[in-house]
Amino acid sequence: MSLLKQTTYQPLTETSATELALALNLFSDNPELSCKEIGDGNLNLVFHIVDDKNRKGVIIKQALPYAKVVGESWPLTLKRAKIEADALLTFGSIAPKYVPEVYYTNDVLAVTVMEDLSHLLIARKGFIKGETYPLLSQHLGEYLSKTLFFTSDYGLGPSIKKEQVQKFINPELCKITEDLIFNDPFFDAETNEFEAGLRTTVEALWKDDELKFHVNVLKKSFLTEAEVLLHGDLHTGSIFANDSETKVIDPEFAFYGPAGFDIGQVFANLLFQVIVNEQNHVLFINHLETVWNVFEEQYKHLWNTENKENLAQTSTFLNYILAKFFEDALGFTGCELIRRTIGLAHVADLDSIEEEKTRLAAKRKTLELGGILIKQRKEIKNLGAFIGTVKGVL
Ligand code: SR1
Ligand code: MG
């Protein structure tokens, strides 16, 4: 039976992924297709299919019914493929320049077929190799302003926004974030992974009641504040880039949550480079500043020109909203810094540092900075104070 008519899920192989691409007629006549599974993330299969004759490619992404990073013992809903496809379509309609084009989706196979981005590189890998991506932060500031405005009550109006909240209910993937970001790193959980040299620092963190109070406050915001459609996993492994182009991929964690969460994930994942990349830290601090400055400027513009809530259109309220986003973002930045250092699913920025002493020193800095940002986010009122705080731990 044609894969297009399949009524039950089956994981694709390189052969069946190629058959699917052919059945979809995505290539011109008599293509010479080759296919490679290239997924290196934590959860999914990713097939890169290329027509060697015409140098045209597509990506087929398929959700597995378990978390690849752990194995079949951690079952995971296939519904996340539909959430991801719907989120790509929503974000793509708002910010097409920064989102891959979707060609086909299939909920039974948990498959999304999309634009080939193989001329770009995953930004985290690029940064580790020494790429600087001069436009990345400008692009991310613009992506964030558009997606966080146009999916909100102010961009959509409350009735349509509520329909969207319903469409993007994503309990299973949210649970992963709730556990791995807001719970497990803050006690002796089985999922945690850290090296022996960090034990004293980590045990001090587990005993820090003030820190745990603030993490609970941030978790409550994540659980209850349906402000905007979040990407939900916006780290530098979810961004493809080169010097002129940026594409945000992988929104399977999308749901309605607090706007500061996506901003905080971007901040944190740039901060890993600020901390590990001593020679180039000014460049990454500039990236951080640009993300916020572009976001703030463009969000203000959208607020003043596209707002569906007439009564909200005052500068006092806009300033209140932006201050809230900033404060929340700092707290979520801190949580991401800590979980990627001692929880499940680390980042190569830290783990690929070969020399143990340097690696441990960098990890102590991410833990220290994470704790400060979580606890002092209300006092760090602007970008200058944020950068000053960052420089204080370098
Ligand atoms: C079991 S999933 C672990 C992590 O990988 C994803 O990319 C998310 O960041 C998640 O927390
Ligand atoms: Mg991902």
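Computed from a predicted structure; not experimentally measured.

Description of the sheet that holds strand β6 (residues 102–106)
What the 5 strands build is an open sheet, ordered β1-β2-β3-β7-β6; its pairing is antiparallel. Each edge of the open sheet carries a strand with a single partner, namely β1 (33–37) and β6. Strand-to-strand twist in this sheet, taken as the mean axis angle between neighbours without regard to direction, amounts to 20°. Two strands pair when backbone bridges link them, and strand β2 (residues 44–51) and strand β3 (residues 56–63) are joined in this way by 8 bridges, in the antiparallel orientation. Within β3, the residue paired with Asn44 across the bridge is Ala63. Across the face of the sheet, helix α1 (residues 14–23) comes into contact with β1, β2 and β3 while running at roughly 130° to β1. The strands touched by helix α2 (residues 80–94) within the sheet are β3, β6 and β7 (111–115), with β7 carrying the most contacts at an inclination of about 30°.

With respect to the UniProt feature "binding site: ATP" (unreviewed entry) in the chain
Per the UniProt record, "binding site: ATP" (unreviewed entry) is found at Asn44, Lys61, Glu115, Asp116, Leu117, Asp250, Pro251 and Glu252. Accessibility expressed as a C-beta count within 10 Å gives 17 for Glu115, which makes it partly exposed. Apart from the residues within four sequence positions on either side, Glu115 is in contact with Pro100 and Glu101. Note on Asp116: 16 C-beta atoms within 10 Å, which makes it partly exposed. Beyond its immediate sequence surroundings of up to four residues, Asp116 is in contact with His48, Gly57, Val58 and Ile59.

Considerations on the sheet that holds strand β11 (residues 246–248)
Ordered in space as β8-β10-β11, the 3 strands form an open sheet in which the pairing is antiparallel. The open sheet has two edge strands, β8 (121–122) and β11, and neither has a second partner. Relative to strand β10 (residues 239–241), β8 runs antiparallel, the two sharing 2 bridges. Paired with Leu121 across the two strands is Ala241, which belongs to β10.

Structural notes on the pairing of β2
On any regular strand, side chains alternate: one points to one face of the sheet, the next to the other face. By the bridge criterion, 5 bridges tie β1 to β2 in an arrangement that is antiparallel. Note on β2: the bridge partner recorded for Ser34 is Val50. Count of turn residues in the β1/β2 antiparallel hairpin: 6 residues. Here β2 folds back onto β3, and the loop between the two strands holds 4 residues, one of which, Arg55, carries a positive phi near 55°.

Brief notes about the site of ligand 1
Lining the immediate surroundings of ligand 1 are Asn42, Leu43, Ala67, Val69, Ile176, Thr177, Leu180, Asp233, Leu344 and Ala345. Top contributing element to the shell around ligand 1 by residue count: helix α7 (residues 171–182), with 3 residues. Of the residues assigned to the shell around ligand 1, the class counts are 7 nonpolar, 2 polar and 1 charged. Composition of the shell around ligand 1 by domain shows at least three residues from each of domain 1 (3–115) and domain 2 (121–393).

Some remarks on helix α9 (residues 209–224)
Residues three or four positions apart in an α-helix share a direction because the helix packs 3.6 residues into each turn. Given a rise of 1.5 Å per residue, 16 residues ought to cover 22 Å, and the 22 Å separating the end C-alpha atoms of α9 matches this to within 8%. Listing the buried residues of α9 in full gives Leu211, His214, Val215, Leu218 and Phe222. One face of α9 carries all of its buried residues, which in axial projection span an arc of 105°. More than 90 degrees from the buried face of α9, the exposed residues found are Asp209, Glu210, Phe213, Lys220 and Thr224. Residues of α9 that are buried sit in contact with α7, α8 (199–206), β12 (255–257), α10 (260–276), α12 (315–342) and α14 (356–376).

Details of the nonpolar core
Counting residues in each nonpolar core, the largest one holds 98 residues, and the members touching the most others are Ile60 and Leu271. Broken down by element, the residue count for this core peaks at 11 residues, all from α10. Each of domain 1 (3–115) and domain 2 (121–393) accounts for three or more of the residues forming this core. Ignoring sequence-local partners within four residues, the contact set of Leu271 consists of Thr333, Leu337, Leu369 and Val390.

Thoughts on the domain arrangement of the chain
If you check the domain split of the chain, you get domain 1 (3–115) and domain 2 (121–393). One C-alpha centre belongs to domain 1, the other to domain 2, and the line joining them spans 27 Å. Taken together, the 18 residues of domain 1 in the interface contact 22 residues of domain 2. Looking at side-chain class alone, the side of domain 1 that touches domain 2 contains 11 nonpolar, 4 polar and 3 charged residues.

Describing the UniProt feature "binding site: substrate" (unreviewed entry) in the chain
UniProt's feature table lists "binding site: substrate" (unreviewed entry) at Asp233 and Arg339, given in the numbering used throughout. What stands out for the annotated residues spanning 107 residues is how close their C-alpha atoms remain, the widest pair being 12.8 Å apart. Positionally, Asp233 belongs in the loop between β9 (228–230) and β10. With residues up to four places along the chain from it excluded, the contact list for Asp233 reads Ser238, Asp250 and Phe253. Within the fold, Arg339 resides in helix α12.

Here's the deal with unusual backbone geometry
Notably, Asn30 is not glycine yet its phi reads approximately 45°, a positive angle. Take Asn30: it is sitting in the loop between α1 and β1. Look at Asp250: it is not a glycine, yet its phi comes out positive at around 65°. By the secondary structure assignment, Asp250 is in the loop between β11 and β12.

Calculation notes
Residues numbered from 1 in each chain as written. Chains lettered and ligands numbered in written order. Predicted model: local features only at pLDDT ≥ 70, side-chain atom pairs only at ≥ 80, totals over all residues. Pairing = 2+ DSSP bridges. Helix = DSSP H or I, 4+ residues; strand = E, 2+ residues; numbered from the N terminus. Axes fitted to C-alpha atoms, helices over the stretch in contact; angles between N-to-C directions. Contact = placed C-beta atoms within 7 Å. UniProt positions renumbered as here; feature names shortened; annotations may be inferred. Buried ≥ 20, exposed ≤ 12 C-beta atoms within 10 Å, placed from the backbone. Near = placed C-beta within 6 Å. Nonpolar A, V, L, I, M, F, W, Y, C, P; charged D, E, K, R; others polar. Domains from an automatic or database assignment. Expected span 1.5 Å × (residues − 1). Arc of directions from axis to C-beta. Core = buried A, V, L, I, M, F, W, Y, C linked by C-beta atoms within 7 Å.

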